[in-house]
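Chain by chain, the residues run as shown.
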Amino acid sequence: MNFKLSIITINFNDAHGLEKTIQSVINQTFIDYEFIIIDGGSTDGSIETIKKHNYRIAYWCSEKDNGIYDAQNKGISKATGEYCLFLNSGDYLYDNNVLLNVFDTSPVDDIVYGDIIYHENGSTDRRRIFPDHLSKHFLLTDVIGHQVQFIKRKVFEQYGIYDTQYKIVADYEIFIRAVIKHKISIKHISIFISVFDLSGLSSNQEQVKKINQERAIVHRMYFSKSLVFLYYTYSSILQSGIYKSKLVAIPVNFIRNFLFKLIKTESNK
């Protein structure tokens, strides 16, 4: 049996977050989905949580993996749905009608993405509404979370799965690969899809450095050399603070204007 949607959840030693994720899925009014859970060999009670809801889960396993994206690739290999949604442990769907509202729009594009709510500091919610049109500037500087993307399974079949050489930004890379290189169809729908809890994210500078390094590799692979050069030159100037000097104000403005002109030109190609 093929489903409209495969919901893939990965988990490792987060039984509390997993329960929250599972509840948000099994309480959906939309039923044309299969639920896949890939556990990384948890020892904290996560397996008991999975077994408790086994009757609502199409497939699950618990074994060591090589990181988040290796686990997500395992989920893809078991999926039969037309679309895939990656709702990892701790993430949860916005309300019980989210999936029904999404599929009532009769999606046909290769990637359909909605909006997200960031849950911060245990209590604060910050809403993020993504643009309808994703400019080159947006794709260079921002990211759409996998928690709000409905990706056709054929995208993975035709253009490849998550590249596990990236430990942090493989979801960003596959989106850029699909949109920039293969020019797949994408569409924004004005629906809040999921809530993403930011409390577990590290602010460690080494982590930030690693993210920037991996994103730089992606930029060099999929964007023009001139665009990448101007983008990083302008970013370095902003970070250094020298743009505040009157002596460099004119050349900095020139770089900025040329950068955005180039972005606009390339976005129209």
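As a starting point, this report considers the structure included with it. (Residues numbered from 1 in each chain as written. Predicted model: local features only at pLDDT ≥ 70, side-chain atom pairs only at ≥ 80, totals over all residues. Heavy atoms only, no water.)

1. Remarks on the packing of aromatic side chains
Aromatic ring pairs: the centre-centre distance and the angle between the two ring planes describe each pair. On inspection of all chains with the given rule, the structure shows nine aromatic pairs. With a centroid separation of 6.1 Å and an interplanar angle of 65°, the aromatic rings of Tyr83 and Phe103 are classed as edge-to-face. Here the residue Tyr83 occupies a position in strand E4 (residues 83-86), and Phe103 occupies one in helix H4 (residues 98-103), the gap between them amounting to 20 residues. Taking relative accessible area as the criterion, Tyr83 reaches 1% and is therefore assigned buried. Each ring, one from Tyr94 and one from Phe192, has its centre 5.7 Å from the other, and the planes form 45°; the classification is tilted. With Tyr94 in the loop between strand E5 (92-93) and H4 and Phe192 in strand E9 (residues 186-197), the pair connects residues that are 98 residues apart, well separated along the chain. (Phe/Tyr/Trp six-rings, centres within 6.5 Å; stacked < 30°, edge-to-face > 60°. Helix = DSSP H or I, 4+ residues; strand = E, 2+ residues; numbered from the N terminus. Buried < 20%, exposed > 50% of the residue type's maximum accessible area, 1.4 Å probe, protein only.)

2. Examining the pattern of salt bridges
Within this structure, the stated rule accounts for nine salt bridges. For Lys52, the salt bridge is made with Glu19, and the minimal N-O distance between the two is 3.3 Å. Remark: Glu19 occurs in helix H1 (residues 15-26) and Lys52 occurs in helix H2 (residues 46-52); sequence separation between them is 33 residues. Relative accessible area serves as the criterion here: at 52%, Lys52 is assigned to the exposed category. Between Lys74 and Glu63 there is a salt bridge, with the nearest N and O atoms lying 2.9 Å from each other. With a gap of eleven residues between them, Lys74 in helix H3 (residues 68-78) and Glu63 in the loop between strand E3 (59-62) and H3 connect regions that are remote in the sequence. Shared partners join several salt bridges into a network, and the residues in it are Lys4, Glu82 and Lys152. (Salt bridge = Lys/Arg side-chain N within 4 Å of Asp/Glu carboxyl O.)

3. A word on the nonpolar core
The biggest cluster of nonpolar side chains holds 71 residues, and the ones touching the most others in it are Leu5, Leu99, Leu139, Phe150, Tyr162 and Phe223. Tallying contributions element by element places helix H7 (residues 170-181) first for this core, with eight residues. With near-sequence residues (within four places) excluded, Leu99 lies in contact with Leu5, Ile7, Gln28, Phe30, Leu85, Leu93 and Phe150. (Core = buried A, V, L, I, M, F, W, Y, C linked by side-chain atoms within 4.5 Å. Contact = heavy atoms within 4.5 Å.)

4. A few points about the pairing of E9
Where E5 lies against E9, two bridges are found, and the strand directions are antiparallel. Residue pairing in the sheet places Tyr92 in a bridge with Val195 of E9. (Pairing = 2+ DSSP bridges.)

5. Here we look at H1
When the terminal C-alpha atoms of H1 are compared, their 16 Å separation across twelve residues agrees well with the 16 Å that a helix rising 1.5 Å per residue should span. Regarding H1, the residues found buried are Ala15, Gly17, Leu18, Thr21, Ile22, Ser24, Val25 and Ile26. In the core, the buried residues of H1 are packed alongside strand E1 (5-11), strand E2 (33-39), H2 and E5. (Expected span 1.5 Å × (residues − 1).)

6. Focus on the pairing of E1
A regular strand carries its side chains on alternate faces of the sheet. Buried residues dominate E1, accounting for seven of its seven residues. With burial as the criterion, each face of E1 is covered, one bearing Leu5, Ile7, Thr9 and Asn11 and the other bearing Ser6, Ile8 and Ile10. Note: E1 against E2, seven bridges, orientation parallel. Pairing of Thr9 across the sheet is with Ile37, part of E2. The pairing of E1 with E4 spans four bridges and is parallel. Bridging from a neighbouring strand, Ile7 pairs with Leu85 of E4.

7. Quick word on the environment of Gly81
Among the secondary structure elements, Gly81 is positioned in the loop between H3 and E4. Under the relative-accessibility criterion, Gly81 is labelled buried at 0%. Taking the C-alpha atoms as reference points, Gly81 and Ser6, separated by 75 residues in sequence, lie 4.8 Å from one another. With residues up to four places along the chain from it excluded, the contact list for Gly81 reads Phe3, Lys4, Leu5, Ser6, Glu34 and Arg153.

8. A word on the environment of Phe156
By the secondary structure assignment, Phe156 is in helix H6 (residues 153-159). Classification of Phe156 by relative accessible area gives buried; the value is 5%. Once residues within four sequence positions are removed from consideration, Phe156 is found in contact with Ile76, Cys84, Phe86, Ile151, Ile161, Tyr162 and Ile174.

9. A look at H7
With twelve residues, H7 extends 15 Å between its outermost C-alpha atoms, agreeing within 8% with the 16 Å of an ideal straight helix rising 1.5 Å per residue. For H7, the full list of buried residues reads Ala170, Asp171, Tyr172, Glu173, Ile174, Phe175, Ile176, Arg177, Ala178, Val179 and Ile180. Among the residues trailing H7, Lys183 stands out with phi positive, at a value near 55°.

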